[in-house]
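Structure at a glance
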Amino acid sequence: MRADGSADSILVVDDDPVNRALLRRSLEAQGHIVRTAEDGARALELLVEETGDLVLLDIVMPELDGVAVLERVKADPLRRHVPVIMISAVDEIDSVVRCIELGAEDYLPKPFDPVLLRARINAGLSRKRLHDLERDRVRDVFARFVPEGIVDQVVTLTGDGLRLGGTLVEGTILFNDIRDFTAYAERHPPSAALEVLNRFLGRMSDVVLDHGGSHLGFRGDGMMAAFGAPITMADHADRALDAARSMLDELPRFNAWMREQGLGTGFRIGIGICSGPFMAGNVGSERRLEYTAIGDTPNTAARLEAMTKGTPHSVLLADSTRRALVQPPSDLVAFGEHAVRGRREPVRLWSIESA
Amino acid sequence: MGSDSVHQTQHHAQLALDPNAIAALRDLLGHDAHALREIIDEFLCAAPDCLAELRSAVASGDAEAAARAAHTLKANAATFGAVALADRCRAVEAQARSGPGTADLAQVDAIAAEWVHVDAGLRAVRPGAA
């Protein structure tokens with residue numbers, strides 16, 4: 001049975017009609033849904049239609065044999081997690097070894113022993129179930145900070161590798177936070193501060209996702225977002241800049257809401273943007289994962305956000321972001337070269353005319 | 001046919017199939033008589049074609065086709081516990097794989113003769129129409 005209680009779907013691939021009928025009847029008697037293919041080509045067609053939970057694959061078949069089918073299944077990122085159990089005669093042990101090396105889960109010798117058949121099928125199905133549970137968990141974790149449409153793409157691309165670890169990507173990092181939130185929190189009851197913060201972060205998070213960015217987590221009264229990770233995009237800098245504009249557009253609406261609710265007069269925000277290489281991936285422990293970005297690029301973006309406090313600008317972007325823009329806008333204004341903490345060379349900074 | 005030879009045929013038919021293999025099949029099929037009948041019918045239907053293929057492949061010296069036909073028949077025979085038939089087929093398959101022109105028609109005749117016993121044995125264990 002699957003995790004959701006539905007019957008497991010098993011694909012039987014065998015050119016011999018007697019074996020096909022035998023396995024179909026036997027597996028149906030155990031409560032499984034069974035599909036059969038009489039050759040390798042048909043098996044691959046059926047796998048594309050529906051991946052299923054397990055494949056029983058005969059080694060010796062004319063045309064596309066079991067080894068060739070196995071190789072294709074294991075080379076397919078969408079299907080390589082499906083357990084494949086090879087069916088073999090006792091005198092085919094060399095082929096069996098090769099299949100196990102190629103990623104087959106196990107093998108079943110012919111003629112079938114009822115106890116062995118049930119044990120190996122159940123072991124294969126258990127492993128598939130564990131894989132599905134793990135994938136669903138990863139999907140849940142991911143769905144919180146990546147636009148919905150990208151979740152499946154990421155889960156598929158990374159497959160079993162979606163655990164700890166990261167990849168080096170080229171993208172843009174955006175930090176934003178509320179100015180003087182600490183002072184606000186001192187003057188208001190904790191419940192009010194929490195309500196305001198949740199609404200603010202919720203709105204800003206939506207803006208990030210709406211622009212195709214990934215929400216990488218909350219930092220106190222602000223947040224970090226990435227554009228160009230986990231999915232590479234050529235216009236990561238443009239998207240980040242557009243997101244910053246949308247955040248500034250959103251702010252008056254947010255402040256109006258605060259006044260209506262009697263929660264205060266409103267906030268100002270700071271935004272720092274930097275482009276370049278960074279490591280994006282899952283950091284933490286197996287039980288508590290966080291998808292985040294690490295490197296000089298996110299560090300600089302955080303510093304630029306902090307630097308907006310001493311300037312008339314709400315937004316500061318590094319020259320690396322301006323250079324990465326696919327369609328540079330006409331309202332960027334130079335803000336000179338500045339020393340940025342943690343960097344030896346001064347950084348050329350830019351802002352937006354109206355911000 | 002004298003009563004002795006009828007007896008002999010029944011005796012051969014009983015010997016042709018290993019009862020343990022038939023018991024394992026029943027277990028595999030969840031003791032579903034209808035399913036057992038279906039599987040036996042599949043074999044009764046497929047085996048004569050397979051034998052014919054084997055004969056023509058051996059006659060024409062097509063070692064690859066001979067090995068394939070012998071392989072299929074061997075596997076099916078083993079499934080039903082037709083040990084003697086499986087052994088004969090295994091020998092032909094091994095010979096055919098070792099090179100062309102090595103398996104001869106006398107071996108195919110022996111397989112066909114054994115099949116007669118297996119056929120009778122299968123019909124004896126085949127559950128009647130429900």
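What you see is a predicted model; the values in this text were computed from it and never measured.

1. Observations concerning the interface of chain A and chain B
With 17 residues of chain A at the contact, the number on the chain B side is 19 residues. Taken together, the elements giving at least two residues each to the side of chain A that touches chain B come down to α1 (17-29) and α5 (114-143) of chain A. Here the side of chain A that touches chain B gets eight residues from one element, more than from any other, and that element is α1 of chain A. Class assignment of the residues belonging to the side of chain A that touches chain B gives a composition of eleven nonpolar, two polar and four charged.

2. A closer look at helix α5 (residues 83-98) of chain B
At 3.6 residues per turn, the α-helix brings residues three or four places apart onto the same side. Taking 1.5 Å per residue as the helical rise, α5 of chain B with its 16 residues ought to reach 22 Å, and the 23 Å between its terminal C-alpha atoms agrees with that figure. Glycine 99 of chain B lies just past α5 of chain B and shows a positive phi near 150 degrees.

3. As for the packing of α1 of chain A against helix α3 (residues 33-60) of chain B
At a minimum axis separation of 9 Å, α1 of chain A and α3 of chain B run at an interaxial angle of 175 degrees. Taken together, α1 of chain A and α3 of chain B sit at an angle that is classed as roughly antiparallel. Contacts between α1 of chain A and α3 of chain B involve Pro17, Val18, Ala21, Leu22 and Arg25 of chain A on the former and, on the latter, Ala35, Glu38, Ile39, Glu42, Phe43 and Ala46 of chain B. Taken together, the residues of the contact of α1 of chain A with α3 of chain B sort by class into eight nonpolar, no polar and three charged.

4. Comments concerning the confidence of the model for chain B
Looking at chain B, the pLDDT average stands at 88 and 85% of residues meet or exceed 70. Looking across chain B, the model is least confident in helix α1 (residues 3-16) of chain B, with a mean pLDDT of 62, and most confident in α3 of chain B, with 95.

5. Considering the pairing of strand β4 (residues 84-89) of chain A
Residues and elements named next belong to chain A. Burial of β4 is extensive: six of the six residues sit out of reach of the surface. Burial along β4 is two-sided: Val84, Met86 and Ser88 facing one way and Ile85, Ile87 and Ala89 facing the other are all buried. For the crossover that starts at strand β3 (residues 54-58), traverses helix α3 (residues 66-75) and ends in the parallel β4, the hand is right-handed. Pairing of β4 with strand β5 (residues 106-110) involves five bridges; the strand directions are parallel. When the sheet's bridge partners are listed, isoleucine 85 is paired in β5 with aspartate 106.

6. Here's the deal with the packing of helix α8 (residues 190-210) of chain A against helix α9 (residues 236-260) of chain A
All names here are of chain A. α9 packs onto α8 with a crossing angle of 150 degrees between their chain directions and a minimal axis gap of 10 Å. One finds that α8 runs roughly antiparallel with respect to α9. The two elements α8 and α9 meet at a crossing, and its hand is right-handed. Contacts between α8 and α9 involve Val196, Phe200, Arg203, Met204, Val207 and Val208 from the first element and Ala243, Ser246, Met247, Glu250, Phe254 and Met258 from the second. Taken together, the residues of the contact of α8 with α9 break down into nine nonpolar, one polar and two charged.

The rules we used
Residues numbered from 1 in each chain as written. Chains lettered and ligands numbered in written order. Predicted model: local features only at pLDDT ≥ 70, side-chain atom pairs only at ≥ 80, totals over all residues. Contact = placed C-beta atoms within 7 Å. Helix = DSSP H or I, 4+ residues; strand = E, 2+ residues; numbered from the N terminus. Nonpolar A, V, L, I, M, F, W, Y, C, P; charged D, E, K, R; others polar. Expected span 1.5 Å × (residues − 1). Axes fitted to C-alpha atoms, helices over the stretch in contact; angles between N-to-C directions. Parallel < 35°, antiparallel > 145°, perpendicular 65-115°, else oblique. pLDDT = per-residue confidence, 0-100. Buried ≥ 20, exposed ≤ 12 C-beta atoms within 10 Å, placed from the backbone. Right-handed = clockwise from strand over helix to strand, strands pointing away. Pairing = 2+ DSSP bridges. Left-handed = near helix turned anticlockwise from the far one by under 90°.

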